[in-house]
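So the chains spell out like this:
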Amino acid sequence: MGSKVALVTGGTGGIGTALCHELASQGFTVVAGYNSGGNHEKAKAWQAEQAKAGYTIDVAYGDVSDPASSEACVNGILERHGSIDVLVNNAGITRDSTFRKMTLEQWDEVMNANLRSVFNMTRLCIQPMMDSKWGRVINISSVNGQKGQFGQTNYAAAKAGMHGFTKSLAQEVASKGVTVNTVSPGYVLTSMVAAIGDEVLQKIASTIPVGRLGQPEEIANAVAFLASERAGFITGSNLAINGGQHMF
Ligand code: CAA
């Protein structure tokens, strides 16, 4: 048998790219799921960039908020690689707004991309993991799912929901060698965080005891550990990586 296969949804984004690099470095065959509004050229360019940097990473299109598109994505990966042993549910979006101004569309978009997606993708991957008696599901949540955040009722609800999902599924699949965990990053230097706007971001940064934003690699290191053989006794956990911004 070849190396284990890891699928990272939202794999071409800020944290996603670091996840792909680290998992590839640890010997996984890595597939980066992407949506990018169907911009396949952008994904191909990303893939070429990674190859130049020495990382061989497959790319797979799929809208994770849509069940049919998720299924096509997973089936394509199974055809090419034979299995998905590690699923990292990393794809996510923000549509920040104070609640009184929030539209139903902003609510639905975030719930669908960040939480419904976890149902869609995990549903397709979990049975084969259980059948093979080994698997890892790692859900990328957020510090804001743990503490809440002004302007993010939709995002915080979805991210908190992910961990409820983690704890429940972890119990259902533990006896089959499959672990399910949540990682909750704090504010990490990516385009999602850069979009906040300087003044608000500086205020937030001043509340981080470590005194800086996180680096994508600092999330990737922990995810790679959870994906490894060594983490077989860790399941249903929520690992906070937020520079001390929220402790509980
Ligand atoms: N706490 C309390 N009050 C606040 C506040 C805060 N954090 N921020 C703004 N306000 C106040 C303002 O002073 C203003 O008060 P007045 O009306 O009395 O003047 C009022 O709230 C503004 O309300 P609005 O509805 O008009 O808000 P807005 O449209 O100006 O901005 C927002 C709302 C776009 C959500 C903005 O607050 C914002 O960008 N917040 C940051 C959200 C955030 O942190 N997003 C994280 C994105 S990154 C990510 O999500 C990754 C991850 O996982 C960490």
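Just above sits the structure.
A. Highlighting the sheet that holds strand β2 (residues 29-34). Read across the open sheet, the seven strands follow the order β3-β2-β1-β4-β5-β6-β7; overall the sheet is parallel. Looking at strand neighbours, the two that pair on one side only are β3 (57-61) and β7 (238-241), the edges of this open sheet. The mean angle between the axes of side-by-side strands here comes to 20°, regardless of whether they run parallel or antiparallel. With six bridges connecting them, strand β5 (residues 135-140) and strand β6 (residues 178-185) associate as parallel partners. If you follow Ile 138 over to β6, its bridge partner there is Asn 181.

B. Structural view of the nonpolar core. Leu 23, Val 86, Val 88, Ile 138 and Val 223 are the most contacted members of the largest nonpolar core, which has 28 residues in total. Residue assignment for this core shows that the elements contributing at least two residues are β1 (5-8), α1 (14-25), β2, α2 (40-52), β3, β4 (86-89), β5 and α9 (216-227). Here this core gets six residues from one element, more than from any other, and that element is α9. Residues Ala 91, Ile 126, Met 129 and Val 180 belong to the second largest nonpolar core, which totals 22 residues.

C. The arrangement of the packing of α1 against α9 in detail. Running from N to C, α1 and α9 cross one another at 45°; their axes reach a closest spacing of 8 Å. When the axes of α1 and α9 are compared, the pair comes out oblique. Of the two elements, α1 crosses α9, and the hand of that crossing is right-handed. Residues Gly 14, Ile 15, Ala 18, Leu 19, Glu 22 and Leu 23 of α1 pack against Pro 216, Glu 217, Ile 219, Ala 220, Asn 221, Val 223, Ala 224 and Ala 227 of α9. For the contact of α1 with α9, the residue count by class is 10 nonpolar, two polar and two charged.

D. Representation of the pairing of β4. Neither face of β4 is left uncovered, since the one carrying Val 86 and Val 88 and the one carrying Leu 87 and Asn 89 both have all their residues buried. Across four bridges, the pairing between β4 and β5 is parallel. Across the sheet, the residue bridging to Leu 87 is Val 137, located in β5. The parallel pair β4 and β5 is bridged by helix α4 (residues 104-132), and the resulting crossover is right-handed.

E. Main features of the site of the ligand. Near the ligand lie 19 residues; those nearest to it are Asp 96, Thr 98, Lys 101, Ser 142 and Tyr 155. Between the ligand and the protein, one listed contact pairs an oxygen atom with a side-chain N or O atom of Lys 101 at 2.8 Å. Take Tyr 155: an N or O atom from its side chain is 2.7 Å from an oxygen atom of the ligand. Here the ligand, which alone exposes 1,100 Å², has 57% of that area covered by the protein. Contributions of two or more residues to the shell around the ligand are made by α7 (191-194) and α8 (198-205). Here the residues of the shell around the ligand sort into eight nonpolar, eight polar and three charged.

F. Structural detail: α9. For α9, built from 12 residues, the straight-helix expectation of 16 Å at 1.5 Å per residue is met to within 8% by its first-to-last C-alpha distance of 17 Å. All of the buried residues in α9 are Pro 216, Ile 219, Ala 220, Ala 222, Val 223, Ala 224, Leu 226 and Ala 227. In this fold, the buried residues of α9 make contact with α1, β4, β5, β6 and β7.

Rules behind the numbers
- Residues numbered from 1 in each chain as written.
- Predicted model: local features only at pLDDT ≥ 70, side-chain atom pairs only at ≥ 80, totals over all residues.
- Heavy atoms only, no water.
- Pairing = 2+ DSSP bridges.
- Helix = DSSP H or I, 4+ residues; strand = E, 2+ residues; numbered from the N terminus.
- Axes fitted to C-alpha atoms, helices over the stretch in contact; angles between N-to-C directions.
- Core = buried A, V, L, I, M, F, W, Y, C linked by side-chain atoms within 4.5 Å.
- Buried < 20%, exposed > 50% of the residue type's maximum accessible area, 1.4 Å probe, protein only.
- Parallel < 35°, antiparallel > 145°, perpendicular 65-115°, else oblique.
- Left-handed = near helix turned anticlockwise from the far one by under 90°.
- Contact = heavy atoms within 4.5 Å.
- Nonpolar A, V, L, I, M, F, W, Y, C, P; charged D, E, K, R; others polar.
- Right-handed = clockwise from strand over helix to strand, strands pointing away.
- Near = heavy atom within 4 Å.
- Polar contact = N/O pair within 3.5 Å; in protein donor to acceptor, adjacent residues only side chain to side chain.
- Areas by Shrake-Rupley, 256 points an atom, 1.4 Å probe, with all protein chains shown as cover.
- Expected span 1.5 Å × (residues − 1).

By themselves these figures say nothing about function.
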